[in-house]
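What follows is each chain in one-letter form.
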Amino acid sequence: MADNTKTLADIADIVNDITGVDQAEVTPEKSFIDDLDVDSLSMVEIVYACEERFGIEIPDDKSKDLKTVGDAIDFINAAQA
Amino acid sequence: MSDVVITGFGATTPLGGDAPTTWEGLVAGRNGVHTLTEDWAADLPVHFAAEAVDDPTNHIPHPKARRMDRSSQLAIVAAEEAWADAGLELPHDADGEPVDNGIDPERLVVCCATGIGGLHSLLGQWDIQKDRGFRRVSPFTIPMLMANAPAANVGLLVNAKAGVHTPVSACASSSEAISLGLDQIHLGRADIAVVGGTEAVIHPLPVAAFSQMQALSKRNDDPEHASRPWDADRDGFVLGEGAAVLVIETIEHARARGARIYGTLAGAGISADSHDLVQPDPTGAGQASAMHKALVAADLSPTDINHVNAHATSTPQGDLAEAHSIRTTLGAAADQVLVNGTKSMTGHLLGGAGALETFASVMALLRRQVPGTINIEHLEEDLPINVVRKTTALPDGDLAALNNSFGFGGHNVTLAFTNANATR
């Protein structure tokens, strides 16, 4: 069972580093683009940073399905399982 | 034509993180050249340089700073200082909401030069691609490395809509940027301009490459005394980094908003040697032509000139050629002109040099103090110019100065300044 809290905290750190959005704002129900004001190039950076942090690969055709922070947590947990 | 006056200065340099500290360093004869502490430096033929002393990322929010090359970061720090020094508010608040600062964006132009561009980003991302594959390359690589990035970032900062320009002419770049800004105002395309230049190329490749050209001083055992224009034992320039930016505007625009004025940007002269890609024309004809054109544009005669901030990079041929071209231009009047080489303190900022030396020239007129040229132990014999070695006072009354900038490629730019209209 993956640790969702740890995954969320790591994603929050990445989003904060790249966009400046406060870590506390990064919660599972938030949409990267609509709620966190992440633009398309920043989203590319976030995806690549997640690949590095979690030691996984997120193919381009999958990364566009990661609409919310929760989508990213689920994908990362499945990829790590 | 309206007088164009200087109303704001910003600088982040090897002598200080802002313009006032940089000026104090120049007047005090402080040295900005040191041995590099980076691991890569020891193996190179030259292991010293004049690094910008204040980390620009301390002044820029992290998400913005990480998408800028160091050259843009330095430019932004200097531009923010210059804009505030001109008594202007930024056109947006901390949350990005618009602020009416009284400046018409359609009448505001930016000309911010670099000699080389975003070299750390270019080579740093190439290292990442080689080591870790293309998927690790930043999607911001191109907007970080492009040579117009500093100008574009400054344009965004101040909301310039009349045009954003990046002259690239090696070590003459930022003087050309200042000249271009003056042109834009004279052509009626703008009332106010943010002009200057930046450079950040203290990286193993340029150090190796300039060294291979035999352009750099190799005084590794005594770097603090390596930059010594017109000294008989000079052996090349010292690589520097930093940025300098000024705000210029028509006298009417400045007065209407109650701006305080440093002095007048009286004219510019530009020429090209068309002699050799890197060697200056040994006759100095191109350099003299640029100086002569600047005098004509500024409606000044040689006897009006009190001070020349020379290009004076501390190379064996360059310093001598410039001394003769100054003499050719000013004639007997050159005996009374105080000539200095401030690169003795700051190193050579390449695309930032002309703007930094514009700052030094205008402040010299305003404060009536010409900073000395440090590190001269044995002045070259029979120089046809009056080299200032210690900070020296200028007389009362009307004053005028020239600032020379010459670049690889045979680019020659001279800017002319007076203390007319000064209210600081």
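Residues numbered from 1 in each chain as written. Chains lettered and ligands numbered in written order. Predicted model: local features only at pLDDT ≥ 70, side-chain atom pairs only at ≥ 80, totals over all residues.

Describing the overall build of chain A
Worth spelling out the cut-off: Only runs of H or I of at least four residues qualify as helices and only runs of E of at least two qualify as strands under DSSP, and these elements are numbered from the N terminus. Two things to know: the radius of gyration comes from C-alpha atoms, and the globule rule equals 2.2 Å times the number of residues to the power 0.38. The exposure label follows from counting other C-beta atoms within 10 Å of a residue's C-beta, where the C-beta atoms are placed from the backbone and the thresholds are 20 or more for buried and 12 or fewer for exposed, leaving partly exposed in between. Here the contact rule is simple: place C-beta atoms from the backbone, and any two residues whose C-beta atoms are within 7 Å are in contact.
Of regular secondary structure, chain A possesses 4 helices and 0 strands. Order of helices (α) and strands (β) in chain A, N terminus to C terminus: α-α-α-α. The C-alpha radius of gyration computed for chain A amounts to 11 Å, which stays within 12% of the reference 12 Å derived for 81 residues, consistent with globular compactness. Along the three orthogonal principal directions, the C-alpha set of chain A runs to about 30 × 25 × 20 Å. A burial count over chain A gives 27% of its 81 residues as buried. For chain A, the share of sequence-separated contacts (at least 6 apart) that also reach a separation of at least 24 residues comes to 53%.

Some words on the environment of S42 of chain A
All names here are of chain A. Along the chain, the position of S42 falls in helix α2 (residues 40–54). Judged by C-beta crowding, with 21 C-beta atoms within 10 Å, S42 ranks as buried. The sequence separation of S42 and I18 amounts to 24 residues, and the corresponding C-alpha distance is 6.9 Å.

Considerations on helix α4 (residues 119–132) of chain B
Residue and element names in this part refer to chain B. Applied cut-off: Expected helix span is taken as 1.5 Å per residue step, with the number of steps being one fewer than the number of residues.
Taking 1.5 Å per residue, 14 residues should reach 20 Å; α4 reaches 20 Å between its end C-alpha atoms and fits that length. Of the residues making up α4, those classed as buried are L119, S121 and Q125. If you follow the buried residues of α4, they end up packed against α5 (141–145) and α8 (204–212). Just beyond α4, the residue with positive phi is G133, at close to 95°.

Some thoughts on the environment of P63 of chain B
Locating P63 of chain B in the fold gives a position in helix α2 (residues 62–65). Overall, P63 of chain B belongs to the partly exposed group, with 15 C-beta atoms counted inside 10 Å. C-alpha of P63 of chain B to C-alpha of F140 of chain B: the two residues are 77 residues apart in sequence and 12 Å apart in space. Residues contacting P63 of chain B, with those up to four places away along its chain left out, are I18, T19 and G20 of chain A.

Considerations on the nonpolar core
To be explicit about the condition: In this usage, the nonpolar core is the set of buried Ala, Val, Leu, Ile, Met, Phe, Trp, Tyr and Cys residues whose C-beta atoms join them within 7 Å. Throughout, the edges of the domains are those of an automatic or database domain assignment.
Among the nonpolar cores identified, the biggest contains 121 residues, and V110, V194 and F359 of chain B are the most heavily contacted of them. Top element by residues in this core is helix α13 (residues 353–367) of chain B. It accounts for 10 residues. Residue contributions to this core reach at least three from each of two domains, namely domain 1 (4–256) and domain 2 (268–416) of chain B. If sequence neighbours within four positions are ignored, V194 of chain B has contacts with A79, A82, W83, V110, V154, V158, A160, V245 and V247 of chain B. Grouped together as the second largest cluster of nonpolar side chains are 18 residues, F32, V38, C50 and I76 of chain A included.

A look at the domain arrangement of chain B
Residues and elements named next belong to chain B. Using the following cut-off: Under the scheme applied here, ten amino acids are nonpolar (Ala, Val, Leu, Ile, Met, Phe, Trp, Tyr, Cys and Pro), four are charged (Asp, Glu, Lys and Arg), and all others, including Gly, are polar.
The domain boundaries assigned to chain B delineate domain 1 (4–256) and domain 2 (268–416). Distance from the C-alpha centre of domain 1 to the C-alpha centre of domain 2: 21 Å. Opposite the 60 residues of domain 1 that make contact, domain 2 presents 54 residues. Among the secondary structure elements, those contributing two or more residues to the side of domain 1 that touches domain 2 are β1 (4–12), α1 (19–28), β4 (108–114), α7 (173–186), β6 (192–199) and β7 (242–250). Here the side of domain 1 that touches domain 2 takes 7 residues from α7, the largest share from any one element. Within the side of domain 1 that touches domain 2, the residues separate by chemical class into 31 nonpolar, 21 polar and 8 charged.

Here's the deal with the pairing of strand β14 (residues 400–407) of chain B
All names here are of chain B. Defined as follows: By definition, two strands form a pair when at least two bridges between them are found by DSSP.
Most of β14 is tucked away, with 8 of its 8 residues classed as buried. Taking every second residue as pointing to the same face, both faces of β14 are buried, with A400, L402, N404 and F406 on one and A401, N403, S405 and G407 on the other. Here strand β9 (residues 307–309) runs beside β14; their pairing, made up of 3 bridges, is parallel. Along β14, the bridge assignment pairs H307 with A401. Following β14, the chain reverses through 3 residues before pairing antiparallel with strand β15 (residues 411–418); G409 in that reversal takes a positive phi of roughly 110°.

Quick notes on helix α1 (residues 4–19) of chain A
Residues and elements named next belong to chain A. Going by this rule: Starting at the helix axis, one direction is taken to each C-beta atom, and the arc is that of these directions.
Under the 1.5 Å per step criterion, the end-to-end length of α1 is 22 Å for 16 residues, consistent within 8% with the ideal 22 Å. Listed as buried for α1 are T7, I11, I14, V15, I18 and T19. Around the axis of α1, the buried residues are gathered within 105° of arc, so they sit on the same side. Residues T5 and K6 are exposed on α1 and point more than 90 degrees away from its buried face.

Concerning the packing of helix α10 (residues 285–298) of chain B against helix α11 (residues 316–330) of chain B
Residue and element names in this part refer to chain B. The line we're drawing: Each axis is a line fitted through C-alpha atoms, taken for helices only over the stretch in contact, and angles between the N-to-C directions span 0 to 180 degrees. The cut-offs work like this: below 35 degrees is roughly parallel, past 145 is roughly antiparallel, 65 to 115 is roughly perpendicular, and the gaps in between are oblique. Helix crossings get a hand from a simple test, with the near helix turned counterclockwise from the far one by less than a right angle marking a left-handed crossing and a clockwise turn marking a right-handed one.
With their axes 8 Å apart at the nearest point, α10 and α11 run at an angle of 45° to one another. In this view, α10 runs oblique relative to α11, as classed from their interaxial angle. At the point where α10 passes α11, the crossing takes the right-handed sense. On α11, the residues touching Q287, A288, M291 and H292 of α10 are A321, E322, S325, T328 and T329. The class makeup of the residues in the contact of α10 with α11 is 3 nonpolar, 5 polar and 1 charged.

Thoughts on the packing of α7 of chain B against α13 of chain B
Each pair of packed helices gets described by two things: the angle between the helix axes and the distance between those axes. All names here are of chain B. Taken N-terminus to C-terminus, the directions of α7 and α13 make an angle of 70°; their axes are 5 Å apart at the nearest point. Judged by the inter-axis angle, α7 sits roughly perpendicular to α13. Seen from α7, the contacting residues are S173, S174, S175 and I178; seen from α13, they are A353, G354, A355 and T358. Across the contact of α7 with α13, the residue classes break down as 3 nonpolar, 5 polar and no charged.

Details of the sheet that holds β7 of chain B
All names here are of chain B. Ordered in space as β5-β4-β6-β7-β1-β8-β15-β14-β9-β10-β12, the 11 strands form an open sheet in which the pairing is mixed. Of all the strands in the sheet, the pair left with one neighbour each is β5 (163–165) and β12 (386–387). Note that β1 and strand β8 (residues 263–272) share 2 bridges and pair antiparallel. Residue pairing for β8: V5 is matched across the bridge by T264. Each of β4, β5 and β6 is contacted by helix α6 (residues 149–158), which is oriented at about 150° to β4, the strand it contacts most.

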